[in-house]
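# Commentary on secondary and tertiary structure
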Amino acid sequence: MEQREPLVTNIFTADPSAHVFDGKIYVYPSHDIPHDGEDDDDGGEYIMEDYHVLSMDSLDSACTDNGEALHMRDVPWVGRQMWAPDCACRDGKYYLYFPAKDKNDVFRIGVAVSGSPTGPFTAEPEPIKDSMSIDPTVFRDDDGRYYMYAGGLWGGQLERWQTGEYRADPDPVDENGPALGPLFAELADDMKSFKEKPVMVTILDENREPVKAGDEDRRYFEGPWMHKYKGLYYLSYSTGTTHCIVYATSEDPAGPFTFRGKILEPVIGWTTHHSIVEIGGRWYLFYHDCELSHGINHRRCVKYTELFFNEDGTIDTVSPYDDRAVLADCIDWLDGYLLKKKGVTKDRQEEWNWIRYHVGGKMFAAVCLDDIDRPVYITLKLDPVEGEFWRGQYEDIIPGYYMNKQHWNSIKVTGKVPYQTAVDLLDRAYLTVLNGLSKKKQREILGR
Ligand code: FUB
């Protein structure tokens, strides 16, 4: 599957919760139903009735829609609106956690069980005791304990639970007071109940003060996800009204968490919702947008892109519509792009682990691979003055990597050089070397 492209187009999908079970990738999305109704502040446009599980053998293979895995007709307590689900595996059984409004129009969280990650799932007759609100995600810690995080403001009804009891018409939340949620609870061994009633998790700012309810760039809105990286717990979530995915970290899965930064800039459409998963030693962000429907809020599509951690544990912000991820995945597109140019040949320099591109037998570009064959740099030849200019524009373009540093320049593929700039520089490198060949050789190559 291509990065930043819809995983499936036969149905509209959203809120992807991605997991690797037994070496295969499974995505548990919401299944958006197209209609012509209006949007409202309570998410009335999200009228979903069932779940489909998506699966892929690897990120390079096609994505399969495995069909209906659970429908609301088979869940006695559900009234309407089956929203963002997640799935956890324990002892060979798969537990699908899903929020839906009960017959009183109150969001609760249900669980359904299957022997297969793709279902069909059999739902428990009642929602999980003491569950409330939306967007459950279940995280399995290294010690085998399972924690649920959940909750969403506005249509997700979290405000109705701020006193601990349900109130259909709650007081407005004090903008200068601490923000609400998300909810946190450890699951009992049966995976169908909580060990204790859910509590609200605190997210702190840089002064170790709780993030305020009015701080819309940082306060929790909905869509929590938990992952662990180098022993640290990363709680990520949507900021709702400001449309970003952000994160906070803690050494304790129950928090408090300290706000760290932004993971994903706004996507096309009002909602944003994600998951983060390690696949084959690299990290990926699964998310949705409304590109497939040209911006209709309730017709979304799920996508993925690679995520990059810095040495200090911070996460690089993804700008969903620039093509940085394509650069990091550059071998296929380089082949497609460069081998179409006249006279271009390719070989592999085993000793250095480089893939080299030549014109007229002279190298003009190369991809330097690491010891597990991941691209690290694209190295290319430029006129020295031009090279100096571009190195001044981007700190991720450095003087030649193992090469004559006057003519050769290396673009760090996980850096911030835009895709189009890299393409333009490759074109220039090709012409630089082509123009340096004898006129006779040039005529042979160009067929003139
Ligand atoms: O898909 C319905 C709701 O939209 C989800 O529960 C929220 O996270 C938002 O994505």
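A quick note: this is a predicted structure, and the numbers were derived from the prediction, not measured. (Residues numbered from 1 in each chain as written. Predicted model: local features only at pLDDT ≥ 70, side-chain atom pairs only at ≥ 80, totals over all residues. Heavy atoms only, no water.)

Okay, the domain arrangement of the protein chain next. When its domains are assigned, the protein chain resolves into domain 1 (12–307) and domain 2 (327–446). For domain 1 versus domain 2, the distance between C-alpha centres works out to 43 Å. (Domains from an automatic or database assignment.)

Attention now moves to the sheet that holds strand 4 (residues 64–71). Across the sheet, which stays open at both edges, the 4 strands sit in the order 1-2-3-4 with antiparallel pairing between neighbours. The outermost strands of the open sheet, each flanked by one partner alone, are strand 1 (12–21) and strand 4. Sheet twist, expressed as the average angle between the axes of neighbouring strands with direction ignored, equals 25°. Alignment of strand 1 against strand 2 (residues 24–32), held across 8 bridges, turns out to be antiparallel. Bridging across to strand 2, serine 17 finds its partner in tyrosine 28. (Pairing = 2+ DSSP bridges. Helix = DSSP H or I, 4+ residues; strand = E, 2+ residues; numbered from the N terminus. Axes fitted to C-alpha atoms, helices over the stretch in contact; angles between N-to-C directions.)

A contiguous patch of negative charge, built from Glu38, Asp39, Asp40, Asp41 and Asp42, is present on the exposed surface. With respect to the element layout, aspartate 39 can be found in the loop between strand 2 and strand 3 (50–56). (Patch = residues over 30% accessible without salt bridge, like charges linked within 9 Å, V, L, I, M, F, W, Y side chains within 5 Å. Areas by Shrake-Rupley, 256 points an atom, 1.4 Å probe, with all protein chains shown as cover. Salt bridge = Lys/Arg side-chain N within 4 Å of Asp/Glu carboxyl O. Lys, Arg positive; Asp, Glu negative; His and termini not counted. Charge placed at Lys NZ, Arg CZ, Asp CG, Glu CD.)

Next up on the list: the side chain of aspartate 205. Within the element layout of this structure, aspartate 205 appears in the loop between strand 14 (203–204) and strand 15 (222–229). Look at aspartate 205: it is buried, it has no salt bridge, and the nearest opposite charge is arginine 218 at 4.3 Å. Within the structure, the side chain of aspartate 205 is placed 2.8 Å from the backbone nitrogen of asparagine 207, a separation counted as a polar contact. Contact partners of aspartate 205, with chain neighbours within four places excluded, come to Val211, Arg218 and Thr258. (Buried < 20%, exposed > 50% of the residue type's maximum accessible area, 1.4 Å probe, protein only. Polar contact = N/O pair within 3.5 Å; in protein donor to acceptor, adjacent residues only side chain to side chain. Contact = heavy atoms within 4.5 Å.)

Another point: the sheet that holds strand 17 (residues 245–250). The strand order across the open sheet formed by 5 strands is 14-18-17-16-15, and the pairing between neighbours is mixed. With one partner strand each, in any of the chains shown, strand 14 and strand 15 form the two edges of the open sheet. With 6 bridges connecting them, strand 16 (residues 232–238) and strand 17 associate as antiparallel partners. Looking at strand 17, one finds that serine 238 is bridged to isoleucine 245.

For the rest of this paragraph, the subject is the site of the ligand. Taken together, Asp15, Ser30, Met48, Trp83, Ala84, Ile134, Asp135, Glu222, Thr271, His273, His288 and Arg300 form the complete shell of residues around the ligand. Aspartate 15 places a polar side-chain atom, nitrogen or oxygen, 2.5 Å from an oxygen atom of the ligand. Bound to the protein, the ligand loses 99% of the 280 Å² it would expose on its own. Tallied by class, the residues present in the shell around the ligand amount to 4 nonpolar, 4 polar and 4 charged. (Near = heavy atom within 4 Å. Nonpolar A, V, L, I, M, F, W, Y, C, P; charged D, E, K, R; others polar.)

Attention shifts here to the environment of cysteine 87. With respect to the helices and strands, cysteine 87 occurs in strand 6 (residues 86–90). Sequence separation between cysteine 87 and leucine 153 is 66 residues, and the spatial gap between their C-alpha atoms is 22 Å. If near-sequence neighbours (up to four positions away) are discounted, cysteine 87 is found in contact with His19, Phe21, Tyr28, Tyr94, Tyr95, Leu96 and Phe121.

Take the pairing of strand 17 next. Across the 6 residues of strand 17, 6 count as buried, placing the element largely inside the fold. Here strand 17 shows a buried face lined by Ile245, Tyr247 and Thr249 and a second buried face lined by Val246, Ala248 and Ser250. Where strand 16 hands over to strand 17, the hairpin turn is made up of 6 residues, of which glycine 240 adopts a positive phi near 60°. Here strand 17 pairs with strand 18 (residues 257–264) via 5 bridges, running antiparallel. Looking at the pairing, threonine 249 lines up with threonine 258 of strand 18.

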